[in-house]
Amino acid sequence: MEVSLQLTRPVWCSNVCSDTPNLNNAVSTVSPLLFCYNFSRKRNGKASNPRPRGSTSKRFSRKPQTRTSNQTKSQKGDDKREGSGTPLSNEYARHNVKAIKLNVDSDEETTVEITQATTAEEGPGMDDIVETVKTISHVGKLTKSTENGRISTVDEGSNESANEKQTAKSGVSAAAVDIGGRESKKLGVEIDGLEHTECANIDDDVKRNAVKLESAEGKKDLGSAGGKEDDYSLQAKLEMEVKSREQALQRLSGVNFSLGNKMFCYPEEVKPGQTIEVFLNKSLSTLNSESDLIIMGAFNDWRWKSFTLNLNKTRLNGDWWSCQVHVPKEAYKMDFVFFNGKDVYDNNDKKDYCIPIIGGIDVLEFEEFLLEEKRRELEKHAKEQAEKERHANELKRIEAEKEAREADRAQAKGEAERRREMLQGVIKKAVTSVHNLWFIEPREFSGGDIIKLYYNRSSGPLANAKQIWIHGGYNNWKDGLSIVARLDSSEIKDGDWWHTNVVVPDRALVLDWVFADGPPQHALIYDNNHRHDFHAIVPARGPEDKYWIEEEHEIYKKLQEERMLKEEAVREKARITARVKSETKERTMKTFLLSQKDIVYTEPLDVHAGSTVSLFYNPANTVLNGKPEIWLRCSFNRWTHRMGTLQPQKMLPAENGSHVKARVKVPLDAYMMDFVFSEREDGGVFDNKLGMDYHIPVFGGIAKEPPMHIVHIAVEMAPIAKVGGLGDVVTSLSRAVQDLNHNVDIIFPKYDCLNLSNVEEFKFHRSYFWGGTEIKVWFGKVEGLSVYFLEPQNGLFWAGCIYGCKNDGDRFGFFCHAALEYLLQSGSNPDIIHCHDWSSAPVAWLFKDHYVHYGLSKARVVFTIHNLEFGAHLIGKAMAYADKATTVSPTYSKEVSGNPAIAPHLYKFHGILNGIDPDIWDPYNDKVLPVCYTSENVVEGKRAAKEALQQKLGLKRADLPLVGIITRLTHQKGIHLIKHAIWRTLDRGGQVVLLGSAPDPRIQNDFVNMASHLHSSHNDRARLCLTYDEPLSHLIYAGADFILVPSIFEPCGLTQLTAMRYGSIPIVRKTGGLYDTVFDIDHDKERAQARGLEPNGFNFEGADPAGVDYAVNRAMSAWYEGRDWFNSLCKLVMEQDWSWNRPALDYLELYHAARKL
């Protein structure tokens, strides 16, 4: 039952009551106070204990009720309340404003308890009244305790009372503290016939007078008689005001009681930022027999600043109890109920009480406020988290530095010991002279001295040398070659003596040298003492122990310097790598946003949460072409936003041709814009992008997209078990989607030929039984991905190979069923199950036939065709059962669309390009290359790589155009075109390097013969390496100017993508993914621009020599005739992003579309 309580206008509110001539008129003027009930907040039972500090209250929740106002308690006054037109709580909002739910809340609560005075007879003094006025006007972080009463408050957000603090002034009357007039002593001032307008201004006067009184108190020490008179005057006025308020509340309570209203608030017109007093008539309430009365509430439909407060008995006539509540500035409504602290409630007949807040924000403004608060909270948390990470990283760095220094010391000590042992051996052999061969003058010398070294040329191999040089060092050549000097002929006649001056190094213990007929790098004949070198002891050398202490320290310093340089180089490389990745992702996102500009785009291009954007749509390129009107239907967060779908908006003509436009306000909690278009407001023909809908990402929002759980079921995975491109796709796609904050798992057979060296954290996980056998499950991390390896104990995967068994169909069929069974038995319920090619195609129908209704109902199946040449029957069946299907490029999807396995299912068939892994194929971090490079130094890097390739393969080291071919030698790859291209390149003066092998022995032998012929006729310009060599492939990608891919058909192709990653220009045939990724320099400018790209290579049509000649000749001419232009093209293709950044976004769109089915 709804209740409307009529209350008088507040006697202390001039702006509300100024139209009322006097106080007597005020009691007859009433207005409604909303008592509201919301069924979503139904209180049926016991209240929970007050929340601890920091708890979050999304709304007022209730336990099962033992007694309610309409069950066990008196229903006094019900007959007066029936038929009231008071709106429900959830109906309260401004006109035509839709109420919006948002699970955002404050954990702030307030607890205020006012204890009845124990000495009511004591009257207030002047100091007490001053303190009273401060208490009335202050609602904040305060705790007071007086002799006659207690007010305890805590911070909003906590139910715990603050520790009580003793007031500086004693004897404060409860009448002064309690604005409801509880247990007050009469002040002895009668104010009969007080004008209503004067009463309305009492509240402000009390505050102003309190300030004056405080000022007066500060002047007491001056001994001014006038000051004392002012004090008494202010005291009297305050006493009058307090008494007047008490009388007004007495009248107000009487009016409400006479109307049967069991509660009211003061003032009646509640505004944000006020402190109000809420009154409850206990005798009219279901709590009439309870000793404790508590109000529990919150603001704005129970979503903001919850509070729990004790009510105390007042001195108003009747059984009125009250408490004070502070109204936050963000409030538009106050919601509350009363209870006894246990299990008895007065919840306004299950409708809850509510009080409207006048003059504040509305519902929509509050929603924006909450979102802004959440944004600030997230920003603060992000800064704190960043600081924690920075601090943690600094601690790690310090610890690592400490460990590195200890390692350096240990290494220095070991190195010093090793050198000492070696030097001791040299010192033992060292002498001061050798008769008739060499000697030193003076015989006694030390470090820093200049000595004269004599050598008898005629006694050794340099007897006929025209010049004599000394190449020397010290301490067993410690610093290498450090002494170099030319000897002059000596006047000594006994032999052919030569001499030179030598400066003895300061710390030398022994000198080392050889004689030669020329300076270093130019000497041909040496006298090196029969390969033992010459060694002379330094007679006056210093203490050896001191030397080795200094030596160890020097070694330690050098090790530290070398280590720091290496670490800084690593950090710098990591910074550059991260920057390049970030820039590439930014360019890719921009390309992604521009990719559909011919149909839809926004201004600005990057949509940010909280902004207003213009949305442009071109119906001329869609099914809505020619429609007289275009209507926009828009929402956010993949149609799950709290606001739901916005009202249809008619789009207006734009200035740019056939486009129409609309303005859309993006909320702060958006992470995605979603929209479709229609011909009429009520629908008609829709453009929903063939069921995918249009989506544009929103940046900077406080909400993040919830992660999906994707499970790949596949039989190949790089690098642990790879045969073809399938293995690369499974690993790279999974990593790219995981990097977008989704959860990805892979279920994989545990072959006995797995390369477990690339599996981290490998361990036994569990086992289960299915299909008549035990299946062991192993877990490991591959390239950062969680992989579950299934090992059936029936031996199906103990065959020593991936493919090639006669029962491959049975093996993989068993694996597919076992994988689904594992998901079921492990309790996993993924959003997407992604299966690949014929080998895991059975997953599609096994899931639909056996699992979709038995525990895995949430999942949707996505099936990808990598090559239709194998297992067409199984692929066709999977197409029928899958929710969405893809192949590896848009053009290949068109080429196979007429296939009987595909044709019936074109409505769910999509072409999405593959990508390459930029961490594996990265010329800046490639250890195979002689010079690592980015697009900034591509010319230098590729030049060094070409020279290294030429040297490695024995080709002529010359600046010639070099064509690389990296392929499997099969008919699919266009082997007849490859042969022709080799000869055409040689005819144009270029060099050719081919890397690849043929599974067919006949084709392999054919290329062996060709290699033999080429190595004879063009040995300096052609090399055919008929094997597989991974490091050599990296060097070819970097060293080649062009990479040739003349495939007859190519579903996607990764070779041309890898070539561009390394700055090599692709020459390809127009087919499949080759056509989708290579845009001809001369003919494809518009096609490239439609994709947001620039032309990047050379292509040709047909499958004959003429087509190859056309492309190769243009490529060669471009290299010869415009090297600067060609170098800029190499830089351009390196900066194009052919990683999984873009394909991963396309796959996510497909996953979401599948989930909608």
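Residues numbered from 1 in each chain as written. Predicted model: local features only at pLDDT ≥ 70, side-chain atom pairs only at ≥ 80, totals over all residues. Heavy atoms only, no water.

- Naming follows an unreviewed UniProt entry, where the chain appears as starch synthase of Daucus carota subsp. sativus.
- UniProt, in the comment section headed Catalytic activity (unreviewed entry), describes the chain in these words: "[(1->4)-alpha-D-glucosyl](n) + ADP-alpha-D-glucose = [(1->4)-alpha-D-glucosyl](n+1) + ADP + H(+)".
- What UniProt records for the chain under Pathway (unreviewed entry) is the sentence "Glycan biosynthesis; starch biosynthesis." (UniProt positions renumbered as here; feature names shortened; annotations may be inferred.)

**Quick word on the state of the cysteines**
Okay, step 1: Summed over all chains, the structure comprises zero disulfides.
Okay, step 2: Note on Cys 753: no disulfide assigned, nearest cysteine sulfur contributed by Cys 801 at a separation of 6.6 Å.
Okay, step 3: Here Cys 753 falls in the partly exposed class, since its relative accessible area comes to 36%.
Okay, step 4: Here Cys 816 stays unpaired: no disulfide links it, and the sulfur of Cys 835, its closest cysteine neighbor, is 7.5 Å away.
Okay, step 5: In this structure Cys 816 comes out as buried when scored by relative accessible area, which is 0%. (Disulfide = S-S within 2.5 Å. Buried < 20%, exposed > 50% of the residue type's maximum accessible area, 1.4 Å probe, protein only.)

**A word on the environment of Ala 1118**
Okay, step 1: Along the chain, Ala 1118 falls in helix α24 (residues 1105-1121).
Okay, step 2: The class of Ala 1118 is buried, set by a relative accessible area of 15%.
Okay, step 3: In contact with Ala 1118, other than residues within four places in its own chain, are Phe 1098, Trp 1125 and Phe 1126. (Helix = DSSP H or I, 4+ residues; strand = E, 2+ residues; numbered from the N terminus. Contact = heavy atoms within 4.5 Å.)

**With respect to the packing of aromatic side chains**
Okay, step 1: In the structure shown here, the tally under the stated rule is 45 aromatic pairs.
Okay, step 2: Arranged with centres 5.9 Å apart and planes meeting at 15°, the rings of Trp 513 and Phe 534 form a pair that is stacked. With Trp 513 in strand β22 (residues 510-516) and Phe 534 in strand β24 (residues 534-537), this residue pair connects regions lying 21 residues apart in the sequence.
Okay, step 3: Seen in terms of ring centroids, Tyr 803 and Trp 838 are 6.3 Å apart; in terms of plane orientation they differ by 40°. Their pairing is tilted. Within this pair, whereas Tyr 803 is found in the loop between β39 (785-792) and α12 (808-825), its partner Trp 838 is found in helix α13 (residues 837-840), the two being separated by 35 residues in sequence.
Okay, step 4: The structure contains a cluster of three or more aromatic residues connected by ring pairs, namely Phe 748, Tyr 751, Phe 762, Phe 764, Trp 778, Phe 789, Phe 797, Tyr 803, Phe 812, Phe 815 and Trp 838.
Okay, step 5: One residue, Lys 573, lies across the ring of Tyr 924, its end atom 5.1 Å from the ring centre.
Okay, step 6: Stacked on the ring of Tyr 1075, the Lys or Arg Arg 1087 has its end atom at 3.8 Å from the ring centre. (Phe/Tyr/Trp six-rings, centres within 6.5 Å; stacked < 30°, edge-to-face > 60°. Lys NZ or Arg CZ within 6 Å of the ring centre and 35° of its normal.)

**Quick notes on the packing of helix α18 (residues 975-987) against α24**
Okay, step 1: Interaxial distance between α18 and α24 falls to 10 Å at its minimum, and their mutual angle equals 40°. When the axis of α18 is compared with that of α24, the two are oblique. The handedness of the crossing between α18 and α24 is right-handed. Of α24, the residues touching α18 (which contributes Leu 977, His 980, Ala 981, Arg 984 and Thr 985) are Pro 1105, Val 1108, Asp 1109, Val 1112, Asn 1113 and Met 1116.
Okay, step 2: Looking at the contact of α18 with α24 residue by residue, the class counts come to six nonpolar, three polar and two charged. (Axes fitted to C-alpha atoms, helices over the stretch in contact; angles between N-to-C directions. Parallel < 35°, antiparallel > 145°, perpendicular 65-115°, else oblique. Left-handed = near helix turned anticlockwise from the far one by under 90°. Nonpolar A, V, L, I, M, F, W, Y, C, P; charged D, E, K, R; others polar.)

**A few points about the sheet that holds strand β16 (residues 438-441)**
Okay, step 1: Reading across the sheet, the five strands line up as β15-β16-β17-β21-β20 and stay open at both edges, with antiparallel pairing between neighbours. The sheet terminates laterally at β15 (433-434) and β20 (488-489), the two strands that pair on one side only.
Okay, step 2: Bridging between β16 and strand β17 (residues 450-456) involves four bridges; their strand directions are antiparallel. Paired with Glu 441 across the two strands is Lys 452, which belongs to β17. (Pairing = 2+ DSSP bridges.)

**Points about the UniProt feature "coiled-coil region" (unreviewed entry) in the chain**
Okay, step 1: The residues that UniProt annotates with the feature "coiled-coil region" (unreviewed entry) are residues 364-415 and 549-586.
Okay, step 2: Each end of residues 549-586 is marked by a C-alpha atom, and these two atoms are 55 Å apart; helix forms 100% of the span and strand 0%.

**Concerning the side chain of Asp 512**
Okay, step 1: Note that Asp 512 resides in strand β22.
Okay, step 2: Buried and unpaired, Asp 512 has no salt bridge, with Lys 478 as the nearest side chain of opposite charge at 11 Å.
Okay, step 3: Within polar-contact distance, the side chain of Asp 512 engages the backbone nitrogen of Tyr 474 at 3.4 Å.
Okay, step 4: What Asp 512 contacts, discounting residues up to four positions off in sequence, is Val 426, His 471, Gly 472, Gly 473, Tyr 474, Asn 475, Asn 476, Trp 477, Phe 534 and His 535. (Lys, Arg positive; Asp, Glu negative; His and termini not counted. Salt bridge = Lys/Arg side-chain N within 4 Å of Asp/Glu carboxyl O. Polar contact = N/O pair within 3.5 Å; in protein donor to acceptor, adjacent residues only side chain to side chain.)

**Thoughts on the packing of helix α10 (residues 544-594) against helix α26 (residues 1141-1155)**
Geometrically, a packed helix pair is captured by the angle between its two axes and the distance between the axes.
Okay, step 1: Running from amino to carboxyl end, α10 crosses α26 at an angle of 45°, the nearest separation of the two axes being 9 Å. Viewed along their axes, α10 and α26 adopt a mutual orientation that is oblique. Between α10 and α26 lies a crossing of right-handed hand. Of the residues in α26, those touching α10 at Thr 584, Lys 585, Thr 588, Met 589, Thr 591 and Phe 592 are Asn 1141, Arg 1142, Leu 1145 and Asp 1146.
Okay, step 2: Per-class residue counts for the contact of α10 with α26 are three nonpolar, four polar and three charged.

**Focus: the pairing of strand β35 (residues 709-713)**
For a regular strand, the rule is simple: side chains alternate between the two faces of the sheet.
Okay, step 1: In terms of residue burial, β35 counts as a mostly covered element, since five of its five residues are buried.
Okay, step 2: With five bridges connecting them, β35 and strand β36 (residues 743-749) associate as parallel partners. Its bridge partner lying in β36, His 712 is registered against Ile 746.
Okay, step 3: For the crossover from β35 across helix α11 (residues 725-739) to β36, the handedness is right-handed.
Okay, step 4: Relative to strand β40 (residues 832-836), β35 runs parallel, the two sharing four bridges. By the bridge assignment for β40, Ile 710 is matched with Ile 832. (Right-handed = clockwise from strand over helix to strand, strands pointing away.)

**A short note on α11**
Okay, step 1: For α11, with 15 residues, the first-to-last C-alpha span of 21 Å sits near the 21 Å given by 1.5 Å per residue.
Okay, step 2: Counting buried positions over the 15 residues of α11 gives eleven, a clear majority of the element.
Okay, step 3: The set of residues buried in α11 consists of Leu 726, Gly 727, Val 729, Val 730, Thr 731, Ser 732, Leu 733, Ser 734, Arg 735, Ala 736 and Val 737.
Okay, step 4: Buried residues belonging to α11 abut β35, β36, β39, β40, α13 and α26. (Expected span 1.5 Å × (residues − 1).)

**A few points about the pairing of strand β18 (residues 469-474)**
Okay, step 1: For β18, the tally of buried residues reaches six of six residues, placing the bulk of the element in the interior.
Okay, step 2: The alternating pattern of β18 places Trp 469, His 471 and Gly 473 on one face and Ile 470, Gly 472 and Tyr 474 on the opposite face, and all of these are buried.
Okay, step 3: Here β18 runs beside strand β19 (residues 483-486); their pairing, made up of four bridges, is antiparallel. In the strand pairing of β19, Trp 469 is matched with Arg 486.
Okay, step 4: Sheet analysis places β18 next to β22, joined by six bridges and oriented antiparallel. Along β22, the bridge assignment pairs Tyr 474 with Leu 511.

**Considerations on the pattern of salt bridges**
Okay, step 1: This model, assessed by the stated rule, comprises 63 salt bridges.
Okay, step 2: When the shortest N-O distance is used, the salt bridge between Lys 722 and Asp 728 registers 3.0 Å.
Okay, step 3: With relative accessibility at 44%, the residue Lys 722 sits in the partly exposed group.
Okay, step 4: For Arg 1123, the salt bridge goes to Asp 959, with nearest N and O atoms at 3.1 Å. Residue Arg 1123 is found in helix α25 (residues 1123-1135), and its partner Asp 959 is found in the loop between α17 (938-953) and β44 (962-966); the two are separated by 164 residues along the sequence.
Okay, step 5: Residue classification places Asp 959 among the exposed positions, given a relative accessible area of 52%.

**Topic: unusual backbone geometry**
Okay, step 1: Cis geometry marks the peptide bond from Tyr 266 to Pro 267, where omega comes out at -5°.
Okay, step 2: Assignment of secondary structure puts Pro 267 in the loop between β6 (263-266) and β7 (275-281).
Okay, step 3: With omega at 0°, the peptide bond leading from Glu 603 into Pro 604 counts as cis.
Okay, step 4: Inspection of the secondary structure puts Pro 604 in the loop between β25 (600-603) and β26 (607-608).
Okay, step 5: Phi is positive for Asp 533, close to 60°, though the residue is something other than glycine.
Okay, step 6: Along the chain, Asp 533 falls in the loop between β23 (526-527) and β24.

**Some thoughts on helix α9 (residues 363-429)**
Okay, step 1: Over its 67 residues, α9 extends 97 Å from the first C-alpha to the last, a length consistent with the 99 Å expected when each residue adds 1.5 Å.
Okay, step 2: Its side-chain oxygen 3.2 Å from the backbone nitrogen of Leu 364, Asp 362 forms the N-cap of α9.

**Things to note about the sheet that holds strand β38 (residues 773-782)**
Okay, step 1: On the basis of which strands lie adjacent, the open sheet formed by nine strands has the order β37-β38-β39-β36-β35-β40-β41-β42-β43 and mixed pairing. Each edge of the sheet is formed by a strand with only one pairing partner; in this case those strands are β37 (760-770) and β43 (909-911). Taking the axes of each pair of neighbouring strands and ignoring which way they run, one obtains an average angle of 25° across the sheet.
Okay, step 2: Note that β37 and β38 share eight bridges and pair antiparallel. Of the residues in β38, the one forming a bridge with Arg 766 is Val 777.
Okay, step 3: Packing of α12 onto the sheet brings it into contact with β35, β36, β37, β38, β39 and β40, and relative to β37 it is tilted by some 95°.
Okay, step 4: In the packing of α26 onto the sheet, contacts are made with β35, β40, β41 (860-865), β42 (884-887) and β43, and the angle to β41 comes to roughly 140°.

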